[in-house]
Amino acid sequence: MKISFQKRSGSASLGVLFFWKMTIDTRARVFITDHFIPELFYDYFFVKKGKMELVDLQRRKSTLPHQSLKMIYTRPLSFAFSSPLVLYGARLSLKFAELFWGKDVKPNSFLEQNWVDKDTSSLTSFASQVTNYIQKYRDPKTVAPLLSHGLAESTWLGSYSRRHKSRLYKSVFGISKKEMLSIQNVHAFLEQTCDFGSQNPRIIRHVNPEVFYDQPHLNHAFKKITGFSPVEYFQSSSILQDNLMSASYNEVLE
């Protein structure tokens, strides 16, 4: 099995962190299960070749459309890939949600979309079409941005009551500020360089007391969001999210 992952820069003003293409080449047809944990990103998927299925908690599979938009998930999910696979995607930030023209922003869901031509055969063409589509249909949901940097509220949002802020978070992002912070805290831990390859990893060394006050607190919060304990997560395998997460962390750092 040969796996390749390519990345192309996005457009910050449109909320596109980056574009990517993943291929899985196999001589025979192979089914691969890929685990995905919640992230504060939306993802646009275009299945050019092969099949991409969503696996629910009862292990039931449902085939995703060839083009779909993944909203923010607050619970873990799994994909089943049928190879040979050619998969294109766009990683979209919270900024994108503020420009999204769709009315349905429910969390834990996929929306069937058609942003690119089905005959698209290069990452350059895919990136160009997605960029043009977002530019054409973008429709700011509010008169000013909700967030200034990271999850920090803008001055404009800060002037509203807590109740109205809650409505805006749900209508724009699909989830509450509390849910956003819970996901962010887990990824603050994952962004650290942790060596879990040893037989008895010392997770307590990597607990940030400003986020998690002790290891049990970390374990509980981590498992609630990801479905795994920290050690179980690092021992599990994920092809797509490992690549996306690494690229995302690098983009944010840059």
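Further up the page is the structure itself.
Starting from 1, residues in each chain are numbered consecutively following that chain's sequence as written. With pLDDT at 70 or above as the cut-off, local features in this predicted model cover only qualifying residues; side-chain atom pairs require 80 or more to be listed or tallied, and sums for whole chains, interfaces and linings still use all residues. With hydrogens and water excluded, all non-hydrogen atoms of the structure serve as input to the side-chain values.

## Description of the pattern of salt bridges
Item 1. Salt bridges are counted wherever a side-chain nitrogen of Lys or Arg sits within 4 Å of a carboxyl oxygen of Asp or Glu. Overall, the coordinates contain seven salt bridges when judged by the stated rule.
Item 2. The shortest N-O distance in the salt bridge between Lys 70 and Asp 43 comes to 3.5 Å. Pair noted here: Lys 70 is in strand 6 (residues 67-70) and Asp 43 is in strand 4 (residues 42-55), with a separation of 27 residues, a long-range link.
Item 3. Working definition: with a 1.4 Å probe on protein chains only, accessible area under 20% of the residue-type maximum means buried, over 50% means exposed, and in between means partly exposed. Judged by relative accessible area, Lys 70 falls into the buried class, the value being 3%.
Item 4. Here Lys 165 and Glu 153 are joined by a salt bridge, their closest N and O atoms 3.0 Å apart. Numbering goes from the N terminus for both helices and strands, where a helix is a DSSP run of H or I of at least four residues and a strand is a run of E of at least two.

## Points about the pairing of strand 4
Item 1. Counting buried positions along strand 4 yields 10 of 14 residues, so the element is predominantly enclosed.
Item 2. Only strands joined by at least two bridges in the DSSP assignment are considered to pair. Note that strand 4 and strand 7 (residues 77-92) share 12 bridges and pair antiparallel. In the sheet register, Met 52 faces strand 7, and the bridge partner there is Phe 81.
Item 3. Examined bridge by bridge, strand 4 and strand 6 share four bridges and lie antiparallel to one another. Within strand 6, the position partnered with Phe 45 by the bridge is Ser 68.
Item 4. As paired elements, strand 4 and strand 5 (residues 61-63) share three bridges and run antiparallel to each other. Counted as the bridge partner of Val 55 is Lys 61 from strand 5.
Item 5. Hairpin connection from strand 4 to strand 5: five residues lie between these consecutive antiparallel strands, with Arg 59 at a positive phi of about 65°.

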